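Listed here are the chains, written in short residue letters.
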Amino acid sequence: MQVRSTVLTALLVIGFAATAQAPASLKGAYQGDFVIGAAINAAQITGEDARGDATLKAQFNSISPENCLKWESVHPQPDRYDFTIPDLYVAFGEKNHMFIVGHNLVWHNQVPAWVFRDDKGSLLDRDALLARMRDHIHTVVGRYKGRIQSWDVVNEALNEDGTLRQSLWEKIIGDDYIAKAFQYAHEADPQAQLTYNDYNLENEAKRKGAIALVTKLKAEGVPITSVGLQGHDSLTWPTVDQMDAAISDFAKLDVKVAISELDIDVLPPAARQQTADVTLNIQQNAALNPYVNGLPDSVQQQLAKRYADLFGVFLKHRDVVTRVTFWGVTDGDSWRNDWPVRGRTSYPLLFDRAGQPKAAFDAVIRAAGQPAS
Ligand code: XIL
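Here the residue numbering is sequential within each chain, running from 1 through the sequence in written order. Given that the model is predicted, a residue must reach a pLDDT of at least 70 before its local features are reported, and side-chain atom pairs must reach 80 or more before they are shown or counted; all residues, however, enter totals for whole chains, interfaces and linings. To get the side-chain values, take all heavy atoms of the structure and skip hydrogens and water.

Caption draft 1: The site of the ligand, seen in detail. The immediate surroundings of the ligand are formed by 15 residues, with Glu-66, Asn-67, Lys-70, His-103 and Glu-261 found nearest. Counted as a polar contact is a pair of N or O atoms within 3.5 Å, where, for protein atoms, one must be capable of donating a hydrogen and the other of accepting one, and residues adjacent in sequence contribute only when both atoms are in side chains. In the environment of the ligand, an oxygen atom lies 3.0 Å from a nitrogen or oxygen atom belonging to the side chain of Asn-155. Residue Glu-261 places a side-chain N or O atom 2.8 Å away from an oxygen atom belonging to the ligand. Think of it this way: one heavy atom of a residue within 4 Å of a molecule or strand is enough to make that residue near it.

Quick look at the structure:
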């Protein structure tokens, strides 16, 4: 009896210690709610960033390609595709049993100028550009058929007022370039989830435009399965109510919602308006870069609370939110160190420059235990 209870106590102590020490993981905390993703860069894909890879494996169950599947990277010249990094990207996801995202097929940025022009440098006509788009989509989506589970088919097609952006895609092909892109992607991989991805859809005018777009696509039978809310957020934008309303509005259209590129800026706003326009390049000055030597604890706590609040909304909508993807692993990796101002020290993610979890990480883990009603 004595021996048994001693053994039992010992087991309990060991068990408790194991539980207490087991590092919490993001993917574990949200198991059954949605997958937790990270955008990964070339160093993580090739294994050069071993520390980043260890964090990815321990914490995340989905990946997005930060740059390697954009047109300029994967298809730099008319007759040349470069699948070296993308092949390793997909292999990384498969090896680690992750939900693999493709980003992106049709966008007006990070696309070479030749795409829209013929040999003489003149703009293509509608049919020629559609043929080129179809070829690109079939080649890239087809290569990873059944392996990349979700594609961002069209990225950022809307203006802030909700009208369609007059990109070269729109000007040359017409408004139906979006429907065509989804159709080609569906032909190339009928099983893949297909997403319309954009920023600022939490703002009313742009959201209305997106709702009209998705409604039209659905009415025409276009195979769109989800809307991606990029989520390049700040400490004050979007409000919890805006986020809540945006997700609810898209859910009503019978599409899923992915939070596709989440990061939260704590630095002074450099642009006049909230945006995620990658072409912005604003002049640096000291006032715009206040935390070069570290983030004050008060701001660290604000960031943590902000993350907890947003995850409360995501959890409330866990029936429609399929994925929450962070745009990078650590603060050091983040594009926000160089955008919209080059050379700032930014703190938008859950892991610090040493790869250590921040207060925001704990807040996100804790938020999983308390779904908002
Ligand atoms: C960014 C990458 O993070 C940067 O490395 C690159 O220089 C520019 O693009 N919206 C998107 C993403 O859809 O593809 C962008 O990624 C960030 C904004």
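Caption draft 2: Local environment of the environment of Met-133. By definition, any uninterrupted DSSP run of H or I lasting at least four residues is a helix, any uninterrupted run of E lasting at least two residues is a strand, and each is numbered from the N terminus. As for its placement among the helices and strands, Met-133 is situated in helix H7 (residues 126-143). Of the residues examined, Met-133 reaches a relative accessible area of 0% and is grouped as buried. Distance in space between the C-alpha atoms of Met-133 and Ala-181 is 7.4 Å, their sequence separation being 48 residues. Only protein chains enter the area calculation, which uses a 1.4 Å probe; residues under 20% of their type maximum are buried, those over 50% are exposed, and those in between are partly exposed.

Caption draft 3: Representation of the layout of surface pockets. Cavities and pockets were defined on a 1 Å grid built over protein atoms only: a cavity is a set of grid points that admits a 1.4 Å probe from which the probe cannot escape, a pocket is an open set flanked by protein on both sides within 12 Å along at least five of seven lines, and lining residues are those with an atom within 4 Å of any such point. Grid points are joined across faces, edges and corners, and a volume is the space filled by probe spheres set on the points. In this structure, the largest pocket spans a volume of roughly 270 Å³. What lines the largest pocket is a set of 18 residues, among which Ser-234, Asp-265, Pro-269, Ala-270 and Gln-274 lie closest to the centre. Of the residues assigned to the lining of the largest pocket, the class counts are 8 nonpolar, 5 polar and 5 charged. Its volume calculated, the second largest pocket comes out at about 230 Å³. Along the walls of the second largest pocket sit 15 residues, with Asn-67, Lys-70, Gln-110, Val-278 and Trp-335 positioned nearest its centre. Three classes are used, and their members are as follows: Ala, Val, Leu, Ile, Met, Phe, Trp, Tyr, Cys and Pro are nonpolar, Asp, Glu, Lys and Arg are charged, and the others, Gly among them, are polar.

Caption draft 4: Quick peek at the environment of Leu-349. Structurally, Leu-349 is set in the loop between strand E9 (321-326) and helix H13 (359-368). Separated by 46 residues in sequence, Leu-349 and Leu-303 place their C-alpha atoms 9.2 Å apart. If we ignore the near neighbours within four places in the chain, the residues touching Leu-349 are Leu-262, Asp-263, Leu-303, Tyr-307, Phe-326, Trp-327, Gly-328, Val-329, Thr-330, Asp-331, Ser-334 and Lys-358. When checking whether two residues touch, look at their non-hydrogen atoms; a contact exists if any pair is within 4.5 Å.

Caption draft 5: Highlighting the packing of aromatic side chains. A pair of aromatic rings is counted whenever rings of Phe, Tyr or Trp (Trp by its six-membered ring) have centres within 6.5 Å, and the orientation is called stacked for planes under 30 degrees apart, edge-to-face for over 60 and tilted otherwise. The tally for this structure, following the rule as stated, stands at 16 aromatic pairs. Between Phe-83 and Tyr-144, the ring centres sit 6.0 Å apart and the planes meet at 75°, which makes this aromatic pair edge-to-face. On the criterion of sequence distance, the pair formed by Phe-83 in the loop between helix H5 (71-74) and helix H6 (84-95) and Tyr-144 in the loop between H7 and strand E4 (150-155) is long-range, its members being 61 residues apart. Phe-83 sits in the buried class, given a relative accessible area of 11%. Residue Tyr-144 is classed as buried on the basis of its relative accessible area, which comes to 1%.

Caption draft 6: Fine view of H13. With 7 of 10 residues buried, H13 lies mostly within the body of the structure. Listed in full, the buried residues belonging to H13 are Ala-360, Phe-361, Ala-363, Val-364, Ile-365, Ala-367 and Ala-368. Considering only its buried residues, H13 is in contact with helix H2 (26-29), helix H4 (50-59) and helix H12 (297-316).

Caption draft 7: The arrangement of the nonpolar core in detail. The biggest cluster of nonpolar side chains holds 103 residues, and the ones touching the most others in it are Trp-169, Tyr-307 and Phe-311. For this core, the leading source of residues is H12, giving 9 residues. Non-local contacts of Trp-169, meaning those with residues more than four positions away in its chain, are made with Trp-71, Val-106, Trp-107, His-108, Val-111, Val-115, Phe-116, Leu-129, Met-133, Gly-174 and Tyr-177. Ala-39, Tyr-199, Trp-335 and Trp-339 belong to the second largest nonpolar core, which has 6 residues in total. Within this scheme, the nonpolar core is defined by two criteria: the residues are buried Ala, Val, Leu, Ile, Met, Phe, Trp, Tyr or Cys, and they are joined through side-chain atoms within 4.5 Å.

Caption draft 8: Expanded view of unusual backbone geometry. In this model, His-103 is joined to Asn-104 through a cis peptide bond whose omega is -10°. When you line up the elements, Asn-104 lands in strand E3 (residues 99-106). Backbone geometry places Glu-156, a non-glycine residue, at a positive phi of 60°. Note that Glu-156 resides in the loop between E4 and helix H8 (168-173). The exposure class assigned to Glu-156 is buried, which follows from its relative accessible area of 3%.

Caption draft 9: Broad picture of the packing of H12 against H13. A fitted line through C-alpha atoms represents every axis, and for helices the fit uses only the stretch in contact; the resulting angles, taken between N-to-C directions, go from 0 to 180 degrees. The geometry of H12 relative to H13 is characterised by a closest axis approach of 8 Å and an angle of 30° between their N-to-C directions. What the angle tells us is that H12 and H13 run roughly parallel. Considering the relative orientation of H12 and H13, their crossing is right-handed. When H12 is examined against H13, the residues Gln-300, Gln-301, Leu-303, Ala-304, Tyr-307, Ala-308, Phe-311 and Leu-315 are found in contact with a partner set consisting of Ala-359, Ala-360, Ala-363, Val-364, Ala-367 and Ala-368. Looking at side-chain class alone, the contact of H12 with H13 contains 12 nonpolar, 2 polar and no charged residues. For classification, angles of less than 35 degrees are called roughly parallel, those exceeding 145 degrees roughly antiparallel, those between 65 and 115 degrees roughly perpendicular, and all remaining angles oblique. A crossing counts as left-handed when the near helix is turned anticlockwise from the far one by less than a right angle, and as right-handed when that turn is clockwise.

Caption draft 10: Focus on the pairing of strand E6 (residues 226-229). Here E6 shows a buried face lined by Ser-226 and Gly-228 and a second buried face lined by Val-227 and Leu-229. Pairing analysis gives 4 bridges linking strand E5 (residues 193-198) to E6, with the strands arranged parallel. Within E6, the position partnered with Asn-197 by the bridge is Gly-228. The handedness rule is simple: strands pointing away from the viewer, and a clockwise path from the first strand over the helix to the second, make the crossover right-handed. Crossover handedness for the path E5 to helix H10 (residues 204-219) to E6: right-handed. Pairs of strands are assigned from DSSP output, requiring at least two bridges between the strands. Both E6 and strand E8 (residues 256-265) contribute to a ladder of 4 bridges, which runs parallel. Pairing of Val-227 across the sheet is with Val-257, part of E8.

Caption draft 11: Here's a closer look at the pattern of salt bridges. One speaks of a salt bridge when a side-chain nitrogen belonging to Lys or Arg is within 4 Å of a carboxyl oxygen belonging to Asp or Glu. Counting across every chain of the model gives 16 salt bridges. Among the salt bridges present, the one from Glu-187 reaches Arg-134, with a minimum N-O distance of 3.3 Å. Residue Glu-187 is found in helix H9 (residues 177-188), and its partner Arg-134 is found in helix H7; the two are separated by 53 residues along the sequence. Across the salt bridge formed by Lys-316 and Asp-244, the nearest N and O atoms sit 3.0 Å from each other. Of this pair, Lys-316 sits in helix H12 while Asp-244 sits in helix H11 (residues 240-252), and the two are 72 residues apart along the sequence.

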